[in-house]
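Overview (structure and organization)
The chain contents come next:
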Amino acid sequence: MKYTQLGRTGLKVSRLVLGTMNFGPQTGEADSHAIMDAALDAGLNFFDTANVYGWGENKGRTESIIGNWFAKRGDCRDKVVLATKVYGNMGADGEAWPNHDKLSAVNIRRAVDASLKRLQTDYIDVYQFHHIDRNTPVEEIWQAIDVLVQQGKILYVGSSNFPGYKIAQANEIAARRGGTIGLVSEQCLYNLYERRAEMEVIPAARDYGLGVIPWSPLHGGLLGGVIKKEVEGGRRASGRTADALTDPAVRAQIQSYEDLLDKHGLEPGEAALAWLLTRPGVTGPIIGPRTAEQLDSALRAAELELSEELLSALDEIFPGPGPSPEAFAW
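As a starting point, this report considers the structure included with it. (Residues numbered from 1 in each chain as written. Predicted model: local features only at pLDDT ≥ 70, side-chain atom pairs only at ≥ 80, totals over all residues. Heavy atoms only, no water.)

1. Focus on the pairing of strand β6 (residues 124-129)
Summarising burial for β6: six of the six residues are buried, a large majority. As defined by bridge partners, strand β5 (residues 81-86) adjoins β6 across four bridges and the pair is classed as parallel. Bridged to Thr84 within β6 is Tyr127. As paired elements, β6 and strand β7 (residues 154-160) share five bridges and run parallel to each other. When the sheet's bridge partners are listed, Phe129 is paired in β7 with Ser159. (Buried < 20%, exposed > 50% of the residue type's maximum accessible area, 1.4 Å probe, protein only. Helix = DSSP H or I, 4+ residues; strand = E, 2+ residues; numbered from the N terminus. Pairing = 2+ DSSP bridges.)

Spelled out as structure tokens, the structure:
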């Protein structure tokens, strides 16, 4: 496994990030533990979760599965760079009691303690804001974070789903306050099909020294060989992926993509992950394996070398927006 620094920090993380969103809802605890065992044994040391994972009445379940794994293994907490998130409403019925969601100082304090208990650890390496909070001053957020860092409960702070201007705002205010290094990472929707992050989010992240952690690297399965699987009688597309393929233009685009990779003898999902690893500013994409086989496929992707010819051909099929401000200004 290859490693890199997380943004401008001294923290070394693997070029693949183990996403755990499926642990609980789609993958049972025993299989989840087996996947984490295999990931760590392969050198993958960056694990990502969120307090709301488990969803519905099972919110927090995913963190509990990870915590049980730490307790069972006993030897691995210091090997794992653990990232979780705060923002979402943790009420099982969807109703949040006042101050039990978002990024107020009181909810951040409460949410950190609850996550630590579920995760069965005394610190979180990277604590991430799952969304912007339009109602809480950034100064209040940083004040709460400073206290938690001083207490040793968190070490670094990251963002998720932030627009470029909010990344800039958060780090400028952090710099003015002093005592904190500000955001060190940004999780954003970014893949071959969805490249809008290249216009503002990724340039802001690079300028401020944030590591970029793409989520949904296969765009919900659209880039994972969905047409090929359909033809071969495998798992059929569903949800948003199936809806997207009803558009003839999208289907033709994905067919061209799969044909290109077939010509090069590559699996679409592995190539899509490998493409992200070539992108400037990207620390590593989040992979969300439901099975050991899916983990093995992602690990192979980390070793792929894509030729310049293939990268150019992928750009032709999925053209990015181009540099900003030119892409939207002239």
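Read on, since the account is not over.
2. Let's talk about the environment of Asn107
Here Asn107 lies in helix α3 (residues 105-119). Given the relative accessible area of 5%, Asn107 is considered buried. Sequence separation between Asn107 and Val86 is 21 residues; the distance between their C-alpha atoms is 8.7 Å. In this structure, Asn107 is in contact with Val86, Asn99, His100, Asp101 and Lys102, ignoring residues within four places of it in sequence. (Contact = heavy atoms within 4.5 Å.)

3. Considerations on the packing of aromatic side chains
All told, the structure shown has seven aromatic pairs when counted by the stated rule. Ring geometry for Phe129 versus Trp142: centroids 6.3 Å apart, planes at 70°, classification edge-to-face. With Phe129 in strand β6 and Trp142 in helix α4 (residues 138-150), the pair connects residues that are 13 residues apart, well separated along the chain. Between Arg77 and the ring centre of Tyr123, over which it is positioned, the NZ or CZ distance is 4.0 Å. (Phe/Tyr/Trp six-rings, centres within 6.5 Å; stacked < 30°, edge-to-face > 60°. Lys NZ or Arg CZ within 6 Å of the ring centre and 35° of its normal.)

4. Here we look at unusual backbone geometry
Along the chain, Ser324 connects to Pro325 via a cis peptide bond; the corresponding omega equals 10°. The backbone phi angle of Lys102 is positive, close to 65°, even though this residue is not glycine. Residue classification places Lys102 among the partly exposed residues on the basis of a relative accessible area of 29%. Located in the positive-phi region is His219, a residue other than glycine, with phi close to 50°.

5. Re helix α12 (residues 308-317)
Within the sequence span of α12, burial applies to Leu310, Leu311, Ala313, Leu314 and Ile317. Looking straight down α12, one finds that the buried residues subtend no more than 160° of arc, so they occupy a single side. Looking at α12, the residues exposed on the side facing more than 90 degrees away from the buried face are Glu308, Glu309 and Glu316. The elements touched by buried residues of α12 are α9 (248-263) and α10 (268-277). (Arc of directions from axis to C-beta.)

6. Remarks on the sheet that holds strand β9 (residues 211-215)
The strand order across the open sheet built from eight strands is β9-β8-β7-β6-β5-β4-β3-β10, with neighbouring strands paired in parallel fashion. The open sheet terminates on both sides in strands that have one partner only, identified here as β9 and β10 (286-287). Two strands pair when backbone bridges link them, and β7 and strand β8 (residues 183-189) are joined in this way by three bridges, in the parallel orientation. Considered in β8, the bridge of Ser159 is made with Glu186.

7. A few points about α10
With ten of ten residues buried, α10 lies mostly within the body of the structure. Listed in full, the buried residues belonging to α10 are Pro268, Gly269, Glu270, Ala271, Ala272, Leu273, Ala274, Trp275, Leu276 and Leu277. The inward-facing, buried residues of α10 abut β9, α9, β10, α11 (292-301) and α12.

8. With respect to the pairing of β7
The buried fraction of β7 amounts to six of the seven residues, a majority that puts the element mostly inside the structure. Read from β6 through α4 to β7, the crossover connection turns out right-handed. The β-α-β motif built from β7, the intervening helix α5 (residues 164-177) and the parallel element β8 has right-handed crossover chirality. (Right-handed = clockwise from strand over helix to strand, strands pointing away.)

9. Side note on the side chain of Arg195
Tracing the backbone through its elements, the reader meets Arg195 in the loop between β8 and α6 (201-207). Here Arg195 falls in the buried class, since its relative accessible area comes to 7%. Within the structure, the side chain of Arg195 is placed 2.9 Å from the side chain of Glu198, a separation counted as a polar contact. At a separation of 2.7 Å, a polar atom in the side chain of Arg195 contacts the main-chain carbonyl oxygen of Phe318. (Polar contact = N/O pair within 3.5 Å; in protein donor to acceptor, adjacent residues only side chain to side chain.)

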